[in-house]
Amino acid sequence: CSDIIEAHGGIVSDWNEHQIVAFWSDRTKNQAGKACQAVVEQVEALKRLSSSKEWIRRGLPEGLDLRIVFGIHSGECLEGNFGSPLRMKYGVIGHTVALAYRIANLNTVYNSSMLLSEATESIVSQLGKFECNRVDYITSRN
């Protein structure tokens, strides 16, 4: 999935067995649209993967529904090198990042795979490329 994110101008700042953390720099035009398009392509790629010959050759169940979730929020954050001289990492921090993580976790509540914040929805709805449906209205605690 990293290659799809990067093909759309995203930067993968972290990943583990549960998540990929990516962001689109303010130097990228149409960050929200590119992030949404990357999600759509990642879902399609995982569907192709789960029915590929290599997948089946390894004895994995054909057509397995790989449950991945995405949370996208648009806003300001701090981007740069964080840490100390002994351990440095390039990435993003701030309320926007924390809110995107919380939004991704809400997919389990709504049995969905991709949720956008209102800030992101208002941007991408103007593009005319994506159909957005309001799931709920929630507020952040912080």
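All of the points below concern the structure found in this document. Here the residue numbers are simple positions, counted from 1 along each chain's written sequence. Selection of residues for local features in this predicted model requires a pLDDT of at least 70, selection of side-chain atom pairs for listing and counting requires 80 or more, and totals for whole chains, interfaces and linings are taken over all residues. As a convention, hydrogens and water are excluded, and side-chain values are obtained from all of the structure's heavy atoms.

Overview of the environment of Ile138
Labels follow the DSSP assignment, with helices taken as runs of H or I lasting at least four residues and strands as runs of E lasting at least two, numbered in each case from the N terminus. Checked against the element boundaries, Ile138 lands in the segment after helix 6 (118–124). In this structure, the C-alpha to C-alpha distance between Ile138 and Glu118, residues 20 residues apart in sequence, is 9.8 Å. We call two residues contacting when some pair of their heavy atoms lies within 4.5 Å. Once residues within four sequence positions are removed from consideration, Ile138 is found in contact with Leu106 and Tyr110.

So, the pairing of strand 4 (residues 78–84)
Here, strands pair whenever DSSP counts at least two bridges between them. Here strand 4 runs beside strand 5 (residues 87–93); their pairing, made up of seven bridges, is antiparallel. Counted as the bridge partner of Ser84 is Arg87 from strand 5. Turn length for the strand 4-strand 5 hairpin, with the two strands adjacent in sequence and antiparallel, is two residues.

Focus on the side chain of Ser25
Relative to the helices and strands, Ser25 is located in the loop between strand 2 (20–23) and helix 2 (31–50). What Ser25 contacts, discounting residues up to four positions off in sequence, is Gln31 and Glu79.

Let's talk about the pairing of strand 2
Successive residues of a regular strand alternate their side chains across the two faces of the sheet. The sheet contact formed by strand 1 (residues 11–15) and strand 2 spans four bridges and is antiparallel. Counterpart to Asp14 in the pairing with strand 2 is Val21.

Description of the side chain of His8
Structurally, His8 can be placed in the loop between helix 1 (2–7) and strand 1. A 1.4 Å probe rolled over the protein chains alone gives each residue an accessible area, and that area as a share of the maximum for its type sets the label: buried under 20%, exposed over 50%, partly exposed in between. What makes His8 buried here is its relative accessible area of 17%. What His8 contacts, discounting residues up to four positions off in sequence, is Trp24, Lys34, Gln37, Ala38 and Glu41.

Looking at helix 2
Along an α-helix, residues three or four apart share an orientation, since each turn contains 3.6 residues. Under the convention used throughout, the expected extent of a helix is 1.5 Å for every residue step, that is, one less than its residue count. Here helix 2 is 20 residues long and its end C-alpha atoms lie 29 Å apart, about the 28 Å a rise of 1.5 Å per residue gives. Buried within helix 2 we find Ala32, Gly33, Ala35, Cys36, Gln37, Ala38, Val39, Gln42, Ala45, Leu46 and Ser50.

Focus on unusual backbone geometry
Phi at Asn30 is positive, roughly 60 degrees, even though this residue is not glycine. Mapped onto the elements, Asn30 comes out in the loop between strand 2 and helix 2. Note on Asn30: relative accessible area 36%, which makes it partly exposed. Despite not being glycine, Asn111 shows a phi value in the positive range, around 50 degrees. Within the secondary structure, Asn111 is located in the loop between helix 5 (107–110) and strand 6 (114–116).

Examining the pattern of salt bridges
The salt bridge criterion pairs a side-chain nitrogen of Lys or Arg with a carboxyl oxygen of Asp or Glu, the two atoms within 4 Å. Across all of its chains, the model carries two salt bridges by this definition. With a shortest N-O distance of 3.2 Å, Asp14 and Lys89 are connected by a salt bridge. Note that Asp14 is positioned in strand 1 and Lys89 in strand 5, a separation of 75 residues in sequence. A salt bridge links Glu118 to Arg134; its shortest N-O distance comes to 3.9 Å. Of this pair, Glu118 sits in helix 6 while Arg134 sits in the segment after helix 6; the two residues are 16 residues apart in sequence, bridging distant segments of the chain. According to the relative accessible area criterion, Arg134 is exposed, its value standing at 57%.

Describing the environment of Ala7
Tracing the sequence through the fold places Ala7 in helix 1. For the pair formed by Ala7 and Gln42, sequence separation is 35 residues and the distance between their alpha carbons is 11 Å.

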